[in-house]
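Architecture at a glance
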Amino acid sequence: MKRQLHLNLFIHGRGHHEAAWRHPAASPLALTDIRYYQDLAQRAEAALFDSIFLADQLALGEDVAQAPRTWLEPITVLAAVAVATQRIGLIATASTTYSEPFNLARQFASLDHISNGRVGWNIVTSWLATAAGNFGDAGQVSHADRYDRGEEFMAVVKALWDSWADDAVIDDRASGRYARPGRLRPINHKGEYYQVAGPLNMPRCPQGRPVLVQAGSSDTGRRFAARHAEAVFTAHMEKATAQAFYADLKGLVAAESRSPDAVLILPGLSPMIASTEAEAQRLAREVNELSDPEVGRKRLSGRFGGHDFSDLPLDRPLRPEDFPPPSSIEAARSRTEVILSLVRRERPTLRQLLASLASARGHFTTAGTPEQIADLIEGWFTDGAADGFNIMPPVLPTMLETFSTQVIPLLQRRGLFRTAYEGKSLREHYHLAWPQSVFDEAALKAV
Ligand SMILES: Cc1cc2nc3c(=O)[nH]c(=O)nc-3n(C[C@H](O)[C@H](O)[C@H](O)COP(=O)(O)O)c2cc1C
(Lines give C-alpha, C1' and ligand atoms only; values in the text may rest on other atoms or scores of the structure.)
Protein backbone atom coordinates (compact mmCIF):
# COMPACT_ATOMS: atom_id res chain seq x y z
CA MET A 1 0.00 0.00 0.00
CA LYS A 2 1.12 3.55 -0.72
CA ARG A 3 2.63 5.23 2.36
CA GLN A 4 0.02 7.52 3.93
CA LEU A 5 0.12 10.51 6.23
CA HIS A 6 -0.81 10.46 9.92
CA LEU A 7 -2.65 13.51 11.23
CA ASN A 8 -2.97 14.44 14.87
CA LEU A 9 -5.07 17.38 16.06
CA PHE A 10 -3.26 19.32 18.80
CA ILE A 11 -5.98 21.04 20.85
CA HIS A 12 -4.71 24.12 22.66
CA GLY A 13 -6.75 26.98 24.11
CA ARG A 14 -9.19 28.41 21.56
CA GLY A 15 -6.51 27.90 18.95
CA HIS A 16 -2.73 27.90 18.84
CA HIS A 17 -2.31 31.57 18.20
CA GLU A 18 -1.65 33.27 21.52
CA ALA A 19 -4.48 35.77 20.82
CA ALA A 20 -6.94 33.26 19.32
CA TRP A 21 -9.07 33.25 22.48
CA ARG A 22 -10.09 36.87 21.70
CA HIS A 23 -10.89 36.35 18.03
CA PRO A 24 -14.59 36.53 17.07
CA ALA A 25 -14.32 33.32 15.02
CA ALA A 26 -13.07 31.32 18.05
CA SER A 27 -15.45 29.06 19.99
CA PRO A 28 -17.89 30.86 22.31
CA LEU A 29 -17.59 28.02 24.87
CA ALA A 30 -15.58 28.36 28.08
CA LEU A 31 -12.24 26.53 28.17
CA THR A 32 -13.55 24.66 31.23
CA ASP A 33 -16.60 23.37 29.29
CA ILE A 34 -16.14 19.70 28.37
CA ARG A 35 -18.43 20.14 25.34
CA TYR A 36 -15.68 22.23 23.73
CA TYR A 37 -13.24 19.27 23.75
CA GLN A 38 -15.89 16.70 22.84
CA ASP A 39 -17.00 18.83 19.88
CA LEU A 40 -13.44 19.26 18.59
CA ALA A 41 -12.74 15.54 18.90
CA GLN A 42 -15.96 14.71 17.06
CA ARG A 43 -15.06 17.12 14.26
CA ALA A 44 -11.56 15.60 14.01
CA GLU A 45 -13.07 12.10 13.96
CA ALA A 46 -15.48 13.08 11.17
CA ALA A 47 -12.42 14.27 9.21
CA LEU A 48 -10.64 10.91 9.91
CA PHE A 49 -7.72 12.30 11.94
CA ASP A 50 -5.64 9.56 13.59
CA SER A 51 -5.76 11.21 17.00
CA ILE A 52 -6.20 14.29 19.17
CA PHE A 53 -3.65 15.51 21.70
CA LEU A 54 -3.72 17.61 24.87
CA ALA A 55 -0.58 19.19 26.33
CA ASP A 56 -0.18 20.00 30.02
CA GLN A 57 1.80 22.17 32.42
CA LEU A 58 1.91 21.72 36.18
CA ALA A 59 1.89 25.37 37.22
CA LEU A 60 -0.09 28.50 36.40
CA GLY A 61 1.67 30.70 33.83
CA GLU A 62 2.81 34.25 34.57
CA ASP A 63 0.49 35.57 31.88
CA VAL A 64 -2.91 34.63 33.29
CA ALA A 65 -4.07 38.26 33.35
CA GLN A 66 -3.95 38.45 29.53
CA ALA A 67 -4.04 34.84 28.29
CA PRO A 68 -6.02 31.66 28.99
CA ARG A 69 -4.61 28.13 28.66
CA THR A 70 -6.20 24.73 28.27
CA TRP A 71 -7.26 24.44 31.86
CA LEU A 72 -8.72 20.98 32.45
CA GLU A 73 -6.49 18.08 33.46
CA PRO A 74 -5.91 16.04 30.25
CA ILE A 75 -6.42 12.47 31.53
CA THR A 76 -9.78 13.48 33.00
CA VAL A 77 -10.76 15.27 29.77
CA LEU A 78 -9.90 12.23 27.66
CA ALA A 79 -12.18 10.00 29.72
CA ALA A 80 -15.08 12.32 28.83
CA VAL A 81 -13.98 12.58 25.18
CA ALA A 82 -13.62 8.78 24.96
CA VAL A 83 -17.32 8.26 25.63
CA ALA A 84 -18.27 10.93 23.06
CA THR A 85 -16.24 9.36 20.19
CA GLN A 86 -15.75 5.89 18.66
CA ARG A 87 -12.64 5.69 16.53
CA ILE A 88 -10.23 8.57 16.99
CA GLY A 89 -7.04 8.12 19.05
CA LEU A 90 -6.72 10.12 22.29
CA ILE A 91 -3.34 11.33 23.54
CA ALA A 92 -2.78 12.98 26.93
CA THR A 93 0.36 14.46 28.43
CA ALA A 94 1.58 13.31 31.83
CA SER A 95 4.86 13.88 33.63
CA THR A 96 7.52 11.37 34.67
CA THR A 97 9.05 13.92 37.04
CA TYR A 98 5.94 14.73 39.02
CA SER A 99 3.92 11.50 39.11
CA GLU A 100 4.34 8.03 40.57
CA PRO A 101 4.62 5.26 37.97
CA PHE A 102 1.97 3.08 39.62
CA ASN A 103 -0.65 5.86 39.50
CA LEU A 104 0.19 6.79 35.94
CA ALA A 105 0.23 3.19 34.65
CA ARG A 106 -3.17 2.68 36.21
CA GLN A 107 -4.69 5.88 34.85
CA PHE A 108 -3.57 5.22 31.28
CA ALA A 109 -4.57 1.54 31.44
CA SER A 110 -8.01 2.68 32.64
CA LEU A 111 -8.28 5.17 29.76
CA ASP A 112 -7.28 2.47 27.31
CA HIS A 113 -10.09 0.26 28.63
CA ILE A 114 -12.60 3.14 28.69
CA SER A 115 -11.79 4.04 25.06
CA ASN A 116 -11.50 0.43 23.79
CA GLY A 117 -7.85 0.82 22.86
CA ARG A 118 -7.47 4.37 21.62
CA VAL A 119 -5.11 5.94 24.14
CA GLY A 120 -1.61 7.36 23.85
CA TRP A 121 0.62 8.92 26.51
CA ASN A 122 2.77 11.95 25.68
CA ILE A 123 5.70 11.31 28.00
CA VAL A 124 7.12 14.59 29.32
CA THR A 125 9.72 15.34 31.94
CA SER A 126 8.09 18.81 32.57
CA TRP A 127 10.36 21.67 31.53
CA LEU A 128 8.49 24.46 33.34
CA ALA A 129 10.67 25.58 36.27
CA THR A 130 7.77 26.81 38.43
CA ALA A 131 6.17 23.31 38.50
CA ALA A 132 8.75 22.33 41.15
CA GLY A 133 7.08 24.75 43.58
CA ASN A 134 3.93 22.65 43.49
CA PHE A 135 5.69 19.35 44.25
CA GLY A 136 7.72 19.78 47.41
CA ASP A 137 9.59 22.92 46.31
CA ALA A 138 13.03 21.29 46.24
CA GLY A 139 13.91 23.32 43.11
CA GLN A 140 13.73 22.23 39.48
CA VAL A 141 15.21 18.80 38.78
CA SER A 142 18.03 19.30 36.22
CA HIS A 143 17.51 18.41 32.54
CA ALA A 144 19.84 15.38 32.85
CA ASP A 145 18.29 14.11 36.10
CA ARG A 146 14.77 14.47 34.70
CA TYR A 147 15.64 12.16 31.80
CA ASP A 148 17.50 9.79 34.13
CA ARG A 149 14.46 9.46 36.36
CA GLY A 150 12.25 9.21 33.22
CA GLU A 151 14.27 6.21 32.06
CA GLU A 152 13.61 4.29 35.28
CA PHE A 153 9.97 5.43 35.23
CA MET A 154 9.55 3.85 31.78
CA ALA A 155 10.98 0.51 32.95
CA VAL A 156 8.46 0.47 35.81
CA VAL A 157 5.35 1.41 33.81
CA LYS A 158 6.14 -1.02 31.00
CA ALA A 159 6.56 -3.86 33.49
CA LEU A 160 3.30 -2.87 35.22
CA TRP A 161 1.38 -2.84 31.92
CA ASP A 162 2.86 -6.25 31.09
CA SER A 163 2.20 -7.68 34.55
CA TRP A 164 -1.04 -9.31 33.38
CA ALA A 165 -0.62 -11.75 30.49
CA ASP A 166 -3.14 -11.27 27.68
CA ASP A 167 -5.02 -14.40 28.75
CA ALA A 168 -4.95 -13.82 32.53
CA VAL A 169 -8.68 -13.10 32.81
CA ILE A 170 -11.14 -16.01 32.50
CA ASP A 171 -14.22 -14.34 34.06
CA ASP A 172 -16.03 -17.69 34.23
CA ARG A 173 -19.15 -17.39 36.34
CA ALA A 174 -20.00 -21.12 36.15
CA SER A 175 -16.71 -22.34 37.64
CA GLY A 176 -16.25 -19.32 39.90
CA ARG A 177 -12.80 -18.56 38.48
CA TYR A 178 -12.05 -14.95 37.57
CA ALA A 179 -8.32 -14.97 36.78
CA ARG A 180 -5.39 -17.36 36.32
CA PRO A 181 -3.02 -16.37 39.13
CA GLY A 182 -0.07 -17.94 37.31
CA ARG A 183 -0.61 -15.48 34.44
CA LEU A 184 -0.04 -12.44 36.71
CA ARG A 185 3.32 -11.53 38.17
CA PRO A 186 4.76 -9.01 40.59
CA ILE A 187 7.40 -6.73 39.12
CA ASN A 188 9.51 -6.30 42.30
CA HIS A 189 11.23 -3.18 40.99
CA LYS A 190 13.88 -1.73 43.31
CA GLY A 191 15.71 1.13 41.63
CA GLU A 192 17.35 4.43 42.38
CA TYR A 193 14.10 6.41 42.30
CA TYR A 194 11.28 3.87 42.58
CA GLN A 195 10.37 0.78 44.58
CA VAL A 196 7.30 -0.88 43.08
CA ALA A 197 6.08 -4.38 43.91
CA GLY A 198 3.26 -4.77 41.35
CA PRO A 199 1.44 -6.35 39.66
CA LEU A 200 -0.92 -3.66 38.36
CA ASN A 201 -4.36 -3.99 39.92
CA MET A 202 -6.09 -4.13 36.54
CA PRO A 203 -6.18 -6.47 33.52
CA ARG A 204 -3.97 -5.78 30.53
CA CYS A 205 -5.06 -2.89 28.29
CA PRO A 206 -6.77 -3.47 24.93
CA GLN A 207 -3.66 -2.14 23.13
CA GLY A 208 -1.24 -4.15 25.31
CA ARG A 209 0.20 -0.82 26.36
CA PRO A 210 -0.92 2.72 25.54
CA VAL A 211 0.85 4.14 22.47
CA LEU A 212 3.97 5.95 23.71
CA VAL A 213 4.47 9.47 22.39
CA GLN A 214 7.38 11.78 23.20
CA ALA A 215 8.29 15.34 22.38
CA GLY A 216 11.77 16.15 23.67
CA SER A 217 14.20 17.13 20.92
CA SER A 218 17.48 17.79 22.79
CA ASP A 219 20.24 15.17 22.40
CA THR A 220 19.11 13.40 25.57
CA GLY A 221 15.47 13.78 24.53
CA ARG A 222 16.14 12.18 21.13
CA ARG A 223 17.94 9.20 22.68
CA PHE A 224 15.03 8.75 25.07
CA ALA A 225 12.59 8.88 22.13
CA ALA A 226 14.66 6.36 20.17
CA ARG A 227 14.32 3.86 23.03
CA HIS A 228 10.68 4.38 23.99
CA ALA A 229 8.60 6.47 21.59
CA GLU A 230 6.22 5.15 18.95
CA ALA A 231 5.33 8.69 17.79
CA VAL A 232 7.34 11.88 18.22
CA PHE A 233 6.04 15.46 18.22
CA THR A 234 8.61 18.06 17.28
CA ALA A 235 8.80 21.82 16.56
CA HIS A 236 10.59 23.27 13.52
CA MET A 237 10.42 26.67 11.88
CA GLU A 238 12.19 25.45 8.72
CA LYS A 239 11.89 22.35 6.54
CA ALA A 240 15.69 21.87 6.57
CA THR A 241 15.89 21.43 10.37
CA ALA A 242 12.88 19.10 10.27
CA GLN A 243 14.70 16.95 7.66
CA ALA A 244 17.87 16.88 9.76
CA PHE A 245 15.85 15.92 12.86
CA TYR A 246 13.99 13.20 10.93
CA ALA A 247 17.19 11.63 9.61
CA ASP A 248 18.93 11.85 12.98
CA LEU A 249 16.05 10.35 14.97
CA LYS A 250 15.40 7.50 12.51
CA GLY A 251 19.13 6.72 12.72
CA LEU A 252 19.01 6.68 16.53
CA VAL A 253 15.97 4.37 16.40
CA ALA A 254 17.86 1.95 14.13
CA ALA A 255 20.85 2.11 16.52
CA GLU A 256 18.48 0.87 19.28
CA SER A 257 17.73 -2.16 17.04
CA ARG A 258 14.22 -0.91 16.31
CA SER A 259 12.71 -0.50 12.86
CA PRO A 260 12.71 3.18 11.80
CA ASP A 261 9.07 2.62 10.72
CA ALA A 262 8.16 1.81 14.34
CA VAL A 263 8.46 5.52 15.24
CA LEU A 264 6.31 8.15 13.50
CA ILE A 265 7.72 11.67 13.36
CA LEU A 266 5.02 14.36 13.46
CA PRO A 267 6.23 17.98 13.30
CA GLY A 268 3.83 20.77 14.23
CA LEU A 269 2.09 22.73 11.47
CA SER A 270 -0.13 25.74 12.10
CA PRO A 271 -1.83 26.76 8.83
CA MET A 272 -4.02 29.83 8.29
CA ILE A 273 -6.12 28.88 5.26
CA ALA A 274 -8.32 30.93 2.89
CA SER A 275 -9.38 30.80 -0.74
CA THR A 276 -6.64 33.25 -1.73
CA GLU A 277 -3.16 33.69 -0.29
CA ALA A 278 -3.85 37.40 0.28
CA GLU A 279 -6.95 36.59 2.34
CA ALA A 280 -5.05 33.98 4.40
CA GLN A 281 -2.36 36.56 5.13
CA ARG A 282 -4.97 39.15 6.05
CA LEU A 283 -6.52 36.69 8.55
CA ALA A 284 -3.07 35.98 10.01
CA ARG A 285 -2.45 39.74 10.43
CA GLU A 286 -5.89 40.19 12.00
CA VAL A 287 -5.15 37.62 14.73
CA ASN A 288 -1.59 38.95 15.21
CA GLU A 289 -2.93 42.42 15.86
CA LEU A 290 -4.79 41.07 18.89
CA SER A 291 -1.61 39.80 20.55
CA ASP A 292 0.25 41.59 23.34
CA PRO A 293 4.09 41.60 23.21
CA GLU A 294 4.24 41.61 27.01
CA VAL A 295 2.52 38.17 27.08
CA GLY A 296 5.16 37.00 24.61
CA ARG A 297 7.97 38.40 26.76
CA LYS A 298 6.71 36.46 29.81
CA ARG A 299 6.41 33.24 27.78
CA LEU A 300 9.90 33.70 26.38
CA SER A 301 11.21 34.06 29.89
CA GLY A 302 9.45 30.79 30.87
CA ARG A 303 11.09 28.93 27.96
CA PHE A 304 14.50 30.14 29.12
CA GLY A 305 13.89 28.94 32.70
CA GLY A 306 12.84 32.36 34.07
CA HIS A 307 15.62 34.46 32.44
CA ASP A 308 14.78 38.18 32.72
CA PHE A 309 14.16 39.78 29.29
CA SER A 310 12.41 42.86 30.70
CA ASP A 311 15.20 45.28 29.67
CA LEU A 312 15.39 44.12 26.04
CA PRO A 313 14.04 46.85 23.73
CA LEU A 314 11.24 45.75 21.43
CA ASP A 315 12.54 47.36 18.24
CA ARG A 316 16.28 46.71 17.83
CA PRO A 317 17.56 43.64 15.97
CA LEU A 318 18.33 40.81 18.39
CA ARG A 319 21.78 39.25 18.85
CA PRO A 320 22.49 35.70 20.09
CA GLU A 321 24.23 37.31 23.12
CA ASP A 322 20.85 38.65 24.25
CA PHE A 323 19.99 35.06 25.27
CA PRO A 324 21.57 32.63 27.72
CA PRO A 325 23.22 29.67 25.92
CA PRO A 326 20.85 26.67 25.42
CA SER A 327 23.32 24.31 27.10
CA SER A 328 22.80 26.26 30.36
CA ILE A 329 19.01 25.92 30.14
CA GLU A 330 17.34 23.43 32.46
CA ALA A 331 13.88 24.17 30.97
CA ALA A 332 12.77 23.62 27.32
CA ARG A 333 16.29 23.24 25.93
CA SER A 334 15.48 22.20 22.37
CA ARG A 335 12.89 24.99 21.94
CA THR A 336 15.48 27.57 23.01
CA GLU A 337 17.68 26.21 20.20
CA VAL A 338 14.82 26.70 17.70
CA ILE A 339 14.48 30.32 18.89
CA LEU A 340 18.22 31.04 18.76
CA SER A 341 18.56 29.58 15.30
CA LEU A 342 15.82 31.96 14.10
CA VAL A 343 17.65 34.89 15.73
CA ARG A 344 20.94 33.94 14.01
CA ARG A 345 19.24 33.44 10.65
CA GLU A 346 16.91 36.42 10.46
CA ARG A 347 18.09 38.92 13.10
CA PRO A 348 14.48 39.89 14.01
CA THR A 349 13.66 42.58 16.54
CA LEU A 350 12.17 41.33 19.81
CA ARG A 351 8.75 42.52 18.59
CA GLN A 352 9.13 40.47 15.38
CA LEU A 353 10.41 37.41 17.26
CA LEU A 354 7.50 37.57 19.71
CA ALA A 355 5.02 37.94 16.82
CA SER A 356 6.40 34.84 15.14
CA LEU A 357 6.37 32.85 18.42
CA ALA A 358 2.82 34.09 19.14
CA SER A 359 1.49 32.16 16.13
CA ALA A 360 2.49 28.70 17.33
CA ARG A 361 5.30 28.93 19.91
CA GLY A 362 8.12 27.93 17.55
CA HIS A 363 6.27 25.46 15.31
CA PHE A 364 5.97 25.93 11.54
CA THR A 365 3.31 28.47 10.60
CA THR A 366 2.06 29.29 7.14
CA ALA A 367 -0.78 31.20 5.47
CA GLY A 368 -2.09 30.07 2.10
CA THR A 369 -4.74 28.41 -0.05
CA PRO A 370 -5.81 24.78 0.49
CA GLU A 371 -3.66 23.76 -2.52
CA GLN A 372 -0.62 25.52 -1.09
CA ILE A 373 -1.07 23.82 2.30
CA ALA A 374 -1.57 20.41 0.64
CA ASP A 375 1.59 20.97 -1.46
CA LEU A 376 3.58 21.89 1.64
CA ILE A 377 2.35 18.78 3.49
CA GLU A 378 3.13 16.55 0.54
CA GLY A 379 6.59 18.14 0.16
CA TRP A 380 7.58 17.56 3.78
CA PHE A 381 6.13 14.03 3.67
CA THR A 382 7.97 12.96 0.51
CA ASP A 383 11.23 14.82 1.22
CA GLY A 384 12.08 13.04 4.49
CA ALA A 385 10.84 15.66 6.96
CA ALA A 386 7.68 14.01 8.34
CA ASP A 387 5.53 10.87 8.59
CA GLY A 388 2.55 13.11 9.20
CA PHE A 389 1.73 16.26 11.12
CA ASN A 390 0.66 17.59 14.45
CA ILE A 391 -2.00 19.97 13.09
CA MET A 392 -2.21 23.12 15.24
CA PRO A 393 -5.09 25.28 13.97
CA PRO A 394 -4.40 28.93 14.81
CA VAL A 395 -8.09 29.53 15.67
CA LEU A 396 -10.48 26.79 16.88
CA PRO A 397 -12.77 25.44 15.63
CA THR A 398 -12.81 27.58 12.42
CA MET A 399 -9.37 26.67 11.08
CA LEU A 400 -9.85 22.99 11.93
CA GLU A 401 -13.05 23.04 9.89
CA THR A 402 -11.34 24.74 6.94
CA PHE A 403 -8.46 22.25 7.09
CA SER A 404 -10.86 19.29 7.30
CA THR A 405 -13.18 20.35 4.51
CA GLN A 406 -10.66 21.89 2.12
CA VAL A 407 -7.18 20.44 2.67
CA ILE A 408 -7.97 16.83 3.66
CA PRO A 409 -10.00 16.13 0.47
CA LEU A 410 -7.00 17.26 -1.60
CA LEU A 411 -4.71 14.93 0.35
CA GLN A 412 -7.22 12.10 -0.14
CA ARG A 413 -7.41 12.75 -3.89
CA ARG A 414 -3.62 12.49 -4.03
CA GLY A 415 -3.83 9.11 -2.23
CA LEU A 416 -1.95 10.54 0.75
CA PHE A 417 -4.64 10.19 3.42
CA ARG A 418 -7.26 7.58 4.38
CA THR A 419 -10.84 7.85 3.12
CA ALA A 420 -12.21 5.68 5.96
CA TYR A 421 -10.85 4.32 9.25
CA GLU A 422 -9.50 0.82 8.74
CA GLY A 423 -8.54 -0.03 12.31
CA LYS A 424 -10.22 0.53 15.65
CA SER A 425 -7.29 1.29 17.94
CA LEU A 426 -4.74 4.10 17.89
CA ARG A 427 -2.05 1.41 17.42
CA GLU A 428 -3.87 0.33 14.24
CA HIS A 429 -4.32 3.89 12.94
CA TYR A 430 -0.57 4.46 13.42
CA HIS A 431 0.28 0.97 11.97
CA LEU A 432 2.22 0.02 15.11
CA ALA A 433 2.99 -3.51 16.23
CA TRP A 434 1.63 -5.12 19.41
CA PRO A 435 4.16 -4.25 22.17
CA GLN A 436 6.66 -6.94 23.09
CA SER A 437 6.19 -7.87 26.78
CA VAL A 438 9.14 -7.34 29.12
CA PHE A 439 8.29 -10.76 30.57
CA ASP A 440 8.73 -14.13 28.94
CA GLU A 441 5.08 -15.12 28.47
CA ALA A 442 5.94 -18.72 27.59
CA ALA A 443 7.74 -19.21 30.91
CA LEU A 444 4.62 -18.39 32.91
CA LYS A 445 2.53 -21.13 34.38
CA ALA A 446 -0.58 -21.98 32.37
CA VAL A 447 -2.77 -22.37 35.50
C1 LIG B 1 4.30 19.33 20.27
C2 LIG B 1 4.96 19.37 21.60
C3 LIG B 1 4.18 19.27 22.73
C4 LIG B 1 4.75 19.33 24.00
N5 LIG B 1 3.94 19.23 25.08
C6 LIG B 1 4.45 19.36 26.31
C7 LIG B 1 3.61 19.35 27.45
O8 LIG B 1 2.41 19.21 27.33
N9 LIG B 1 4.18 19.51 28.67
C10 LIG B 1 5.54 19.66 28.84
O11 LIG B 1 5.99 19.79 29.98
N12 LIG B 1 6.36 19.66 27.75
C13 LIG B 1 5.84 19.54 26.52
N14 LIG B 1 6.67 19.58 25.44
C15 LIG B 1 8.10 19.76 25.66
C16 LIG B 1 8.90 18.48 25.59
O17 LIG B 1 8.27 17.37 26.14
C18 LIG B 1 10.26 18.65 26.28
O19 LIG B 1 10.07 18.71 27.66
C20 LIG B 1 10.93 19.91 25.91
O21 LIG B 1 11.07 19.94 24.52
C22 LIG B 1 12.29 19.96 26.61
O23 LIG B 1 13.01 18.77 26.44
P24 LIG B 1 14.19 18.72 25.41
O25 LIG B 1 15.13 19.75 25.88
O26 LIG B 1 14.69 17.31 25.45
O27 LIG B 1 13.59 19.04 24.08
C28 LIG B 1 6.15 19.51 24.14
C29 LIG B 1 6.93 19.62 23.00
C30 LIG B 1 6.36 19.56 21.73
C31 LIG B 1 7.23 19.65 20.52
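One can find the structure itself at the top, above this paragraph.
Rules behind the numbers
Residues numbered from 1 in each chain as written. Predicted model: local features only at pLDDT ≥ 70, side-chain atom pairs only at ≥ 80, totals over all residues. Heavy atoms only, no water. Near = heavy atom within 4 Å. Polar contact = N/O pair within 3.5 Å; in protein donor to acceptor, adjacent residues only side chain to side chain. Areas by Shrake-Rupley, 256 points an atom, 1.4 Å probe, with all protein chains shown as cover. Helix = DSSP H or I, 4+ residues; strand = E, 2+ residues; numbered from the N terminus. Salt bridge = Lys/Arg side-chain N within 4 Å of Asp/Glu carboxyl O. Buried < 20%, exposed > 50% of the residue type's maximum accessible area, 1.4 Å probe, protein only. Right-handed = clockwise from strand over helix to strand, strands pointing away. Pairing = 2+ DSSP bridges.

What follows concerns the site of the ligand. By nearness alone, 25 residues border the ligand, and D56, Y147, S217, S218 and S334 come closest of all. Between the ligand and W127, the relevant distance is 3.4 Å, taken from a nitrogen atom to a side-chain nitrogen or oxygen of the residue. In the environment of the ligand, an oxygen atom lies 2.5 Å from a nitrogen or oxygen atom belonging to the side chain of S218. When isolated, the ligand has an accessible area of 620 Å², and the protein chains bury 96% of it. Contributions of two or more residues to the shell around the ligand are made by strand 4 (119-124), helix 4 (143-161), strand 10 (231-234) and helix 9 (333-346). Top contributing element to the shell around the ligand by residue count: helix 9, with three residues.

Once that is clear, we can look at the pattern of salt bridges. Under the defined criterion, the tally for this structure stands at 28 salt bridges. Here D315 makes a salt bridge to R351, at a shortest N to O gap of 2.9 Å. In this pair, D315 sits in the loop between helix 8 (293-303) and helix 9 while R351 sits in helix 10 (residues 350-360), placing the two residues 36 residues apart along the sequence. For D315, a relative accessible area of 52% translates into the label exposed. Through salt bridges that share partners, D162, D166, R204 and R209 make up one connected network.

Turning next to the pairing of strand 11 (residues 264-273). Along strand 11, 10 of the 10 residues are buried, which leaves the element largely enclosed by surrounding structure. Both faces of strand 11 are covered, namely the face carrying L264, L266, G268, S270 and M272 and the face carrying I265, P267, L269, P271 and I273. Remark: the strand 10/helix 6 (residues 239-255)/strand 11 crossover connection has right-handed handedness. Bridge count between strand 11 and strand 13 (residues 388-391): two bridges; the pairing is parallel. In the strand pairing of strand 13, G268 is matched with N390. Note: strand 11 against strand 12 (residues 364-368), five bridges, orientation parallel. Residue pairing across strands places P271 opposite T366, the latter belonging to strand 12.

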